[in-house]
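One-letter residues, chain by chain:
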Amino acid sequence: MRDLLKFIFLFPISIAWTSEPINSFEYQSARLNNNMLTDSSSQNWRQESVTSLYAFLKTQHKIGSFIINTASVLNYVDSPLYKEETLAKAYITSPNSYVSRDSFNLFLKKTNQESSYAIGLSEFNISQDSDEIFWEVGRFNIEFGKGKAFNPINPFNYNSTFSTSPIFTQGIDGLHIELKKDPKFALNIYLLGDRSYSEDHSENHKSLIIRGDWSYSESVHINYMLGEDQNRHFYGIEALKVLGSFSIFGQLVKASQELENQSQDNQDIFHYLMGIEASLYKSWLSQLELGRFDQNEKGTTLPRNFYLPFNKMISWINNYRVSDNQRVALHTSQDLESNAVAYIISGTYEYNPNYEIGFFFSSLMGDLSKDEKYLAQHNIPQKIGLKIRAKF
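Every chain begins its residue count from 1, and numbering advances along the sequence as written. In view of the model being predicted, local features appear only for residues whose pLDDT reaches at least 70, and side-chain atom pairs are presented and counted only at 80 or more, with totals across whole chains, interfaces and linings using the full set of residues. Where side-chain values are given, they derive from all heavy atoms of the structure, hydrogens and water being excluded.

**A look at the overall build of the protein chain**
- Counting its regular elements, the protein chain contains one helix and 20 strands.
- Categorising residues by exposure relies on relative accessible area from a 1.4 Å probe, with only protein chains included: less than 20% of the type maximum marks a residue as buried, more than 50% marks it as exposed, and the intermediate range marks it as partly exposed. When burial is assessed residue by residue, the protein chain has 48% of its 392 residues classed as buried.
- Here, two residues are considered to be in contact whenever any of their heavy atoms come within 4.5 Å of each other. Restricting the contact set of the protein chain to residue pairs at least 6 apart, pairs at least 24 apart contribute 57%.
- What sets the accessible areas is the Shrake-Rupley method with a 1.4 Å probe; for residues, cover comes only from the shown protein chains. When the accessible surface of the protein chain is totalled, it reaches about 19,700 Å², and 57% of it is carbon and sulfur. Note on conventions: DSSP H or I runs of at least 4 residues are helices, E runs of at least 2 residues are strands, and numbering of each starts at the N terminus.

Spelled out as structure tokens, the structure:
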């Protein structure tokens, strides 16, 4: 309770100086169950409660031609599961970091045996826009790519489709310049810093990424990227073709072996994704994906920036609008190597434009492999709960 009071006291201070806020608050009450498909030797807990509070406050302040953007985040979680020696704690809230490339420590975090909290800025930048160039510096967001369950073309943002936590965009520290003189083509240059890649956060790794955003025609769009990030060279491309109410897309991404470790155990990493998106009956949006997250099993590998610990997966994402104020979603994904199947069902009822209530249920089904490389899948808990959200 003392941590919660400190949290509530500090949060308004972080946003008090800005203006025109866009706020949302979400309260969740859930029950976590040790997955019934898991044998008792892998985890020593059965059932625990989780109470969560999330708050997001975005502001935009204009000074002449400059714009200052901020996004403050509050997350408080109370659960007896924090006492247990289990990796399932990582799935109480997911992702566990609101920033994916950090040069500056703009968050206060603490975890004890009963609760955890995080408070800070996921966005804090100054920007300027014109007809030919846009730039921003500080902590900002990078959003691109069609993948829902897995989006390898964008390593800077966590994909939380299968998470019950509120969806948000992770922050990035650095400089972004967009050259857009040609209306069909934009060149984006990112110069980033990253302390999270080093274990003790002492070394600030530099990243330089160039991304092309090309509208080849009215129905064909291409994203490509190249550069250096997290001590590897990166090359990637995404192509999208629109066919009426359908669209097909594919991504290919290659990361070199670590630049400072040229041993035989460190190998190149290759991800791919292909998918089709369909808008059905004007109220049903469905997307089917087949993807592969490559891992270097002998040497160091890349951090996983999506919720499921799956490697080769087929996923089906469905969002359906029942009425103007009712929405339901059903997402499922199968690891084609271990045969584990994850799914999440959720529904939302919008009481009025400012308030909504909802439910969620997520779990695994199928036979979980006992192979050591799939043990992370045993840590995913079954989760059922209710949520209330307020928007102002």
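Moving on from the coordinates now.
**Focus: the side chain of Asn151**
- Mapping Asn151 onto the fold places it in the loop between β7 (133-140) and β8 (171-179).
- Here Gly147 takes part through its backbone nitrogen, which lies 3.1 Å from a polar atom of the side chain of Asn151.
- With near-sequence residues (within four places) excluded, Asn151 lies in contact with Phe144, Gly145, Lys146, Asn159 and Gln251. Pairs of N or O atoms within 3.5 Å make up the polar contacts considered here, provided that, within protein, one atom can donate a hydrogen while the other can accept it, and that residues adjacent in sequence are counted only when both atoms are side-chain atoms.

**Considering the nonpolar core**
- To define a nonpolar core, start from buried Ala, Val, Leu, Ile, Met, Phe, Trp, Tyr and Cys residues and group those joined through side-chain atoms within 4.5 Å. Phe150, Phe162, Tyr307, Leu308, Phe310, Met313 and Ile380 are the most contacted members of the largest nonpolar core, which totals 21 residues.
- For this core, the secondary-structure elements that each account for two or more residues are β16 (312-323) and β18 (341-352).
- The contacts of Leu308, once residues within four sequence positions are left out, are Phe162, Ser333, Ala342 and Ile380.
- The next biggest cluster of nonpolar side chains, apart from the first, holds 14 residues, and it includes Phe144, Ile172, Ile209 and Phe234.

**A short note on the environment of Ser323**
- Within the fold, Ser323 resides in strand β16.
- For Ser323, a relative accessible area of 24% corresponds to the partly exposed category.
- Separated by 26 residues in the primary sequence, Ser323 and Tyr349 have C-alpha atoms spaced 9.4 Å apart.
- Within polar-contact distance, the side chain of Ser323 engages the side chain of Asn325 at 2.9 Å.

**So, the environment of His331**
- Mapped onto the elements of the fold, His331 is located in strand β17 (residues 326-335).
- His331 sits in the buried class, given a relative accessible area of 8%.
- Apart from the residues within four sequence positions on either side, His331 is in contact with Thr161, Phe162, Trp316, Ile317, Asn318, Asn319, Ala342, Tyr343 and Ile344.
- Among the polar contacts made by the side chain of His331, one reaches the main-chain amide nitrogen of Asn318 at a distance of 3.3 Å.

**Regarding the packing of aromatic side chains**
- Ring geometry is summarised as follows: Phe, Tyr and Trp rings, the Trp one being its six-membered ring, pair when their centres sit within 6.5 Å, and such pairs are stacked at plane angles under 30 degrees, edge-to-face over 60 and tilted between the two. The full count for this structure, using the stated rule, is 13 aromatic pairs.
- Seen from their ring centres, Phe270 and Tyr272 are 6.5 Å apart, and the 45° between their planes marks the pair as tilted.
- Its relative accessible area of 35% is what places Phe270 among the partly exposed residues.
- Taken together, a centroid distance of 5.3 Å and an interplanar angle of 75° make the contact between Phe293 and Phe306 edge-to-face. Placement of the pair is Phe293 in the loop between β15 (284-292) and β16 and Phe306 in the loop between β15 and β16, with a sequence separation of 13 residues. For the pair formed by Phe293 and Phe306, the shared burial category is buried.
- Through a chain of ring-to-ring contacts, three or more aromatic side chains come together here, namely Phe25, Tyr355 and Phe392.

**Digging into the pattern of salt bridges**
- Each reported salt bridge corresponds to a side-chain nitrogen of Lys or Arg within 4 Å of a carboxyl oxygen of Asp or Glu. Under the definition given, this model contains 14 salt bridges.
- A salt bridge links Lys391 to Glu350; the shortest N-O distance between them is 3.6 Å. Residue Lys391 is located in strand β20 (residues 382-391), and its partner Glu350 is located in strand β18; the two are separated by 41 residues in the primary sequence.
- Several salt bridges share partner residues, and in doing so they unite Arg327, Glu350, Glu356 and Lys391 into one network.

**With respect to unusual backbone geometry**
- Phi is positive for Gln230, which is not a glycine, with a value near 50°.
- Mapped onto the secondary structure, Gln230 falls in the loop between β11 (220-229) and β12 (232-243).
- Residue class for Gln230 comes out buried when judged on its relative accessible area of 5%.
- Backbone geometry places Asn339, a non-glycine residue, at a positive phi of 70°.

**Some thoughts on the confidence of the model for the protein chain**
- Per-residue confidence from the predictor is reported as pLDDT, a score between 0 and 100. Per-residue confidence for the protein chain averages 86 on the pLDDT scale, and 88% of its residues sit at or above 70.
- The low-confidence segment residues 3-21, where pLDDT is below 50, has 38 contacts with residues more than four positions distant or belonging to other chains.

**What about the pairing of strand β10 (residues 205-215)?**
- Strands were regarded as paired on the criterion that DSSP finds at least two bridges between them. Bridge count for strand β9 (residues 185-194) against β10 is ten bridges, and the pairing is antiparallel. Counterpart to Ile189 in the pairing with β10 is Ile210.
- Here β10 pairs with β11 via eight bridges, running antiparallel. Each bridged residue has a counterpart across the sheet, and for Trp214 the counterpart in β11 is Ile222.

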